[in-house]
Amino acid sequence: MAPKTIIAPSVLSADFGQFGHECSRTMEHGADWLHVDIMDGHFVPNITFGAPVVAKIRQHVSKPTEPQGRGTFDCHMMIAEPKKWVKEFKKAGCDLYCFHYEAAFSSAAESPEQSSDKKTNPRELIRYIHDCGLLAGIAIRPDTSVDVLWDILETEDAKEMPDMVLVMTVMPGFGGQKFMATELAKVEALRRKYPELNIEVDGGVGPTNIGDAADAGANVIVSGSAVFGAKDPAEVIAALRKRVDERSSRRR
Ligand SMILES: O=C(CO)[C@@H](O)[C@H](O)COP(=O)(O)O
């Protein structure tokens, strides 16, 4: 069965001066999830915010009543040491912890106090995230081949299977960049092999290119500036949803 359409506005484009209100308002506009961009100034050349801020905005959005349900906080961890922060973000109210493949190999420390010179691998990290009670996502940058994911997705161990794959359609770090249509070949390849997988696209996505993203097979749609910069964000969210729904009903 085709996975359901999930619209996840990226809060990177929100007005941080009224962050809680921006989050609750976006949910009222029809969002399914909130895509929460965590940047550390190491993995990407930009810094956003950490777990204490996530805990504050969580108070403005009801927790999902089921896994992947409405109100899911989809935390996109653009950080160099993803394993270090899993428990902190769980405590803060994160539901889905999506780390970058490129960062995983240097992230074995279990807490901020521990040194992080050990290596881990993405499958172990997915298992660890699940053991901590979170959904797990794995992201790839435009300069990473989709081929790195096949081995991970072939697992027969449910604890090591990601709940979502994120295909970045810009280099991570900043909102408002131009959508890279070349990345949709990765989405197509993933969808061909995994009809039920949650495949997220993120970066420069909006009404002008949602058709291409949906046709390629994306079902989790992140959109920052197109939603927060719109006169009528509810209209943009509805338009994104309509296009993805149309495509997935043809696939069924
Ligand atoms: O992770 C990122 C950027 O690194 C994204 O979540 C963007 O912030 C999405 O914003 P737009 O490209 O839609 O403005």
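Computed from a predicted structure; not experimentally measured. (Residues numbered from 1 in each chain as written. Predicted model: local features only at pLDDT ≥ 70, side-chain atom pairs only at ≥ 80, totals over all residues. Heavy atoms only, no water.)

Our focus in this paragraph is the state of the cysteines. As used here, a disulfide is simply a covalent bond connecting the sulfur atoms of two cysteines. The full count for this structure, using the stated rule, is zero disulfides. Cysteine Cys 75 remains unbridged, with the sulfur of Cys 94 as its closest cysteine sulfur at 3.6 Å. (Disulfide = S-S within 2.5 Å.)

Moving on to the site of the ligand. Taken together, 20 residues are adjacent to the ligand, and Gly 173, Asp 202, Gly 204, Gly 224 and Ser 225 come closest. A distance of 3.3 Å separates an oxygen atom of the ligand from a polar atom in the side chain of Ser 10. Coverage of the ligand by the protein chains reaches 100% of its 370 Å² of free accessible surface. Those elements that place two or more of their residues in the shell around the ligand are strand 2 (33–39), strand 3 (72–78) and strand 8 (220–223). Sorting elements by how many residues they give to the shell around the ligand places strand 2 first, with three residues. Its residues assigned to classes, the shell around the ligand shows seven nonpolar, eleven polar and two charged. (Near = heavy atom within 4 Å. Polar contact = N/O pair within 3.5 Å; in protein donor to acceptor, adjacent residues only side chain to side chain. Areas by Shrake-Rupley, 256 points an atom, 1.4 Å probe, with all protein chains shown as cover. Helix = DSSP H or I, 4+ residues; strand = E, 2+ residues; numbered from the N terminus. Nonpolar A, V, L, I, M, F, W, Y, C, P; charged D, E, K, R; others polar.)

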